[in-house]
Amino acid sequence: MRTRGTAKADRMGARQRPASLRQKLEFVLLSAVLLGTGILGGCAGLATGTKTTTTGQAAFQVSPTSVSFGKVNVGKQATQTIAVSNTGTLPFSITQATISNPQFSLTGVTLPMAMATGQSGNFTVAVTPSATGSLTGTLTVQGDNGAAPAVVNLSATAVASAPQISLSSNSVQFGTVSDGSTGNATLLISNNGNADLTISLISVSGTGFGVNGITTPKTISAGQSVSAGLTFQPTVAGGASGTLSITSNDPVNPTMTVALAGTGSTTAAGQLQANPTSLSFGSVGVGSNSTKTVVFSNTGTAAIQISTISVSGTGFSANGITAPLILNPAATATLNVVFAPTAGGSASGSVTVTTDQLHSPMTISLTGIGAVPGLSITPTSFVFGSLVDGQTKSQTFTLTNTGSASLTISQVSVSGTGYSLSGLTTPSTIAAGATATFGVLFAPTTVGSFSGTITIASNAPGSPLTVALSGSGTAGTVSLSANPTSLAFGSVNAGTTSSKSVTLTNSGTANVTISQVTVSAKDVTTSGVSTPVTLTPGQTQTLTVAFKPTAAETVSGNVTLTNSVGGNTVIAVSGTGLQAGISLTPSSAGFGSVVVGAANSQTIKIGNPGTAVLTITQANVTGSGFGTTGLALPLSINPGATSTFNAQYQPSVTGAASGSITIVSNAGTSPSTVSLTGTGVAATQILSFSTNALNFGNVTTGSSSTLPVTVTNTGNSNVQISQIAASGTGYSLSGAGVPVTLTPSQSLTFSVIFGPAATGSFPGSVTVTSNATGSPATITLSGSGVVTVTHSVSLSWTASTSTVNGYNVYRSLTSGTGYTKLNGGLVSAVTYTDSTVANGTTYYYVTTAVDASGNESTNSNEAVAAIP
């Protein structure tokens, strides 16, 4: 539409504009076009306009898009990892993953798999081929919310598992071997494949060649090896060759061969070998002997003549072979060599064997040590000191064989008054370096000094060996001591027992007999000593003293022990008896009105105002519906301390009731009573709601609005809510978990959520089902789904007929005045888009033209845009 209008007020103030520019701008037509997204739904605005829509996008990608597993053995599994990431602007869920070839599989993911914007995750793809050959397949991953599916190409080459045989050598040379002798060699057979290798047959061709150490069929695991023994036994002179053939399940080399070669020789020769080539006899006692053997063998092919065998060295001799002797090939002869030393010290010698062989004679070296016994004793003398007549003292003596041969003790004796021996039976043998012990007891029977001597006869040099002893006997003294000498029991609860121990010691030098134990203290007793009892010097006895008060009291006195010579040992005792007390707060409990079947409780505090520990043993309850909780018996309460339990009333019928709790304890005022009263009333079950209707108003589609509902139990009994259900399109609940029990005055708050997926009005309801009166209760729901619209204004005008550099665009919220320029630099085109408009606002626009000198024309006609 083209509109002529009068020129607006001069926006340049006193600035003048060329007449031609003013005149031509009077004919510029300015029009505004409203642009919006969504539905304009009843909004007022321009009758003509253009609309655009802006929405988010769900998208994802997988990496890599092609997976090759390479070569995989049939029946084995190989895996690869595939990454998936949300590359769109909306959250979505992966709902399905399909694989076209069943030999491929997908693990490590649970579908549907929710993925927030920017989130990543992993899949594991596996292949388990069932037959050889090339495998291909595809993995197709699909998501919701409009996301495009993704495809991953899969491939693998299935190969069969196979063994692979490998030999340590493909030829064996035995060299020259005498006819009738045997040459030996070893061949290592290995499996370098990835499956079991089975050797089904091993055969040898060629005269004199053989194989041992392996039997067929033989299975060799992958990576393992076995050894086979090869032999060459020539029967004639000259070169010989053969072949070892190995047949297996190796698919590439089913038969492997090893070339065998050797030379037979007819020249016969004897060879004497001794085992061992030297003898060491170690230590041998003088007067005894040791025998060792040497085995001579002919390992050659001709007989050997042994002409002489001679032995040198003091104490060495030989027997078992009489020379001359013919030793045929492979024959053996055993020589016995004897070492019988006649004196102590090291000895050496040799056996010399003379034969008809080239390297005769053969010498075997001999060594040994002549061993003699030695004797030492510890201690070399001993002083027993002074002993009271009737006492004894013992001392252990140690005999050590310090020599290198066995020591024989033929006799051990002791002389002197009061001395005796024990612990060693003769004759006795002690090995070299070993020890033996015996004891000497000194038991004087009279007063005086006494000396004695131990005499030891043996086969050691310097026998016999003697040890000096000394000691004395003295008269004894009698003394009985007590530790401690006094006992303070402190505070002890009446009726309980406190015990303490006293150690009685004979601190004299003679025996003491305790003849009597006397107690002179109230409620004190003794045990552990039955009179009469005798204590030897240094011996101890434990006396137990017990204090068991019968009331609140203070006790002091003595425990007196009388000994055999009329002396007294006195132990002082003291203690305080304590008595428990009891207080009950409150002394009566009134429960008021309680619903039949329900329970009410009150806390009762038990105090101990006494001086002893209060022990409660019984709590007896009388009266219908009354009971106790939290009272575990027996219960102990320290003086000044308190404890609590609950008195409970749970009526089964309506009406008044009374009863009591009787508490039995060790308090002096026991038993104690708490009186109980209460009234049973009928149950009421009522639910009240914070609202009976919820109106969500307009809610943008794709979003949600939440309103709370509070349910309160206004009755006097528990209400069981079994179901809370929402009906109607777009409505759901949060926090409405059932079943739930509400106690009187207790409330439950849950939320109703309205999330429209489309525009329009949607009714609904929430139904609450319970055991309350009037169930089920209904809350009506209402709300509308609308679409959020964003707008912009598109402006266009006719070009000026004058020569201009550009245009300015102005906007105001008031028609005809208050314009504000929108553009920064001049607008060169004859169009302009204003994207800074707000909903529910009307805007007024004008334009001006500007020439090269900066002169600006008057305003164009005014264009109006009403934003809904």
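Residues numbered from 1 in each chain as written. Predicted model: local features only at pLDDT ≥ 70, side-chain atom pairs only at ≥ 80, totals over all residues. Heavy atoms only, no water.

A tally of helices and strands in the protein chain yields 1 helix and 71 strands. Computed over the C-alpha atoms, the radius of gyration of the protein chain is 60 Å, more than 25% above the 29 Å expected from 2.2 N^0.38 for a compact globule of 868 residues. Counting the 868 residues in the protein chain, one finds 36% classified as buried. The long-range share in the protein chain, meaning contacts at least 24 apart out of those at least 6 apart in sequence, stands at 67%. (Helix = DSSP H or I, 4+ residues; strand = E, 2+ residues; numbered from the N terminus. Rg over C-alpha atoms; globule rule 2.2 N^0.38 Å. Buried < 20%, exposed > 50% of the residue type's maximum accessible area, 1.4 Å probe, protein only. Contact = heavy atoms within 4.5 Å.)

Across all of its chains, the model carries 22 aromatic pairs by this definition. Aromatic pair Phe-626 and Tyr-649: ring centres 4.8 Å apart, planes at 25°, arrangement stacked. Taken together, the positions of Phe-626 in strand β52 (residues 626–629) and Tyr-649 in strand β54 (residues 642–649) put the pair 23 residues apart, joining distant regions of the chain. Comparing Phe-626 with Tyr-649, the two get one shared label, buried. (Phe/Tyr/Trp six-rings, centres within 6.5 Å; stacked < 30°, edge-to-face > 60°.)

Moving on: the sheet that holds strand β35 (residues 428–430). With mixed pairing, the 5 strands of this open sheet are ordered in space as β31-β38-β37-β33-β35. Strands with a single pairing partner mark the edges of an open sheet, and in this sheet they are β31 (381–388) and β35. This sheet shows a mean twist of 30° between the axes of neighbouring strands, independent of strand direction. Here strand β33 (residues 407–415) runs beside β35; their pairing, made up of 3 bridges, is antiparallel. Following the sheet pairing, Ile-409 is matched in β35 by Ser-428. (Pairing = 2+ DSSP bridges. Axes fitted to C-alpha atoms, helices over the stretch in contact; angles between N-to-C directions.)

Moving on to the side chain of Thr-569. The topology assignment puts Thr-569 in strand β47 (residues 568–578). For Thr-569, a relative accessible area of 9% gives the class buried. Those residues in contact with Thr-569 that lie beyond four places of it in its chain are Leu-480, Ala-482, Val-559, Thr-560 and Leu-561.

For the protein chain, the average pLDDT comes to 86, and 91% of its residues sit at 70 or higher. Counting interchain partners and residues more than four positions distant, the pLDDT-below-50 stretch residues 1–29 has 61 contacts. In this model, residues 33–54 is a region of pLDDT below 50 whose contacts with residues beyond four sequence positions or in other chains number 52 contacts. (pLDDT = per-residue confidence, 0-100.)

Let us look at the pattern of salt bridges. Here the structure, examined in full by the defined rule, presents 3 salt bridges. The partner of Lys-522 in a salt bridge is Asp-523, with the nearest N and O atoms 2.9 Å apart. Overall, the relative accessible area of 46% leaves Lys-522 in the partly exposed class. For Asp-523, a relative accessible area of 23% translates into the label partly exposed. Residue Arg-811 is joined to Asp-834 by a salt bridge in which the shortest nitrogen-to-oxygen separation is 2.6 Å. (Salt bridge = Lys/Arg side-chain N within 4 Å of Asp/Glu carboxyl O.)

Judged by how many residues are buried, strand β70 (residues 842–850) sits mostly within the fold: 8 of 9 residues are covered. Sheet topology places strand β67 (residues 806–812) next to β70; 7 bridges connect them, and they run antiparallel. Note that in β70 the partner of Tyr-810 across the bridge is Val-846. Across 4 bridges, the pairing between β70 and strand β71 (residues 863–866) is antiparallel. Looking at the pairing, Tyr-844 lines up with Val-864 of β71.

Turning our eyes to something else, we now look at the sheet that holds strand β44 (residues 533–535). Reading across from one edge, β40-β47-β46-β42-β44 is the order of the 5 strands in this open sheet, with mixed pairing throughout. A strand with exactly one partner marks an edge of an open sheet, and here the two such strands are β40 (486–493) and β44. Looking at each pair of strands side by side, their axes are set apart by 30° on average, direction ignored. Pairing geometry for strand β42 (residues 512–520) and strand β46 (residues 553–563), over 6 bridges, is antiparallel. When the sheet's bridge partners are listed, Val-519 is paired in β46 with Val-559.

Our focus in this paragraph is unusual backbone geometry. With an omega dihedral of -5°, the bond running from Thr-426 to Pro-427 counts as a cis peptide bond. Within the element layout of this structure, Pro-427 appears in the loop between β34 (419–422) and β35. Note the cis peptide between Thr-585 and Pro-586, where omega equals -5°. By the element assignment, Pro-586 lies in the loop between β48 (583–585) and β49 (588–595).

Summarising the element assignment, Leu-279 is placed in strand β22 (residues 278–285). Not counting residues up to four positions away in its chain, the partners in contact with Leu-279 are Lys-292, Thr-293, Val-294, Val-337, Ile-364, Ser-365, Leu-366 and Thr-367.

Before going further, it helps to spend a moment on the environment of Ile-304. Topologically, Ile-304 is positioned in strand β24 (residues 304–312). Note on Ile-304: relative accessible area 0%, which makes it buried. Put simply, Ile-304 and Leu-327 are 23 residues apart on the chain and 5.0 Å apart in space, counted from C-alpha to C-alpha.

Structurally, Asn-194 can be placed in the loop between β14 (183–191) and β15 (197–205). Residue Asn-194 is classed as partly exposed on the basis of its relative accessible area, which comes to 42%. Residues in contact with Asn-194, not counting those within four places in the same chain, are Asn-73, Ser-161, Ala-162 and Ala-222. In this structure the side chain of Asn-194 is engaged in a polar contact, spanning 2.8 Å, whose partner is the backbone nitrogen of Ala-162. (Polar contact = N/O pair within 3.5 Å; in protein donor to acceptor, adjacent residues only side chain to side chain.)

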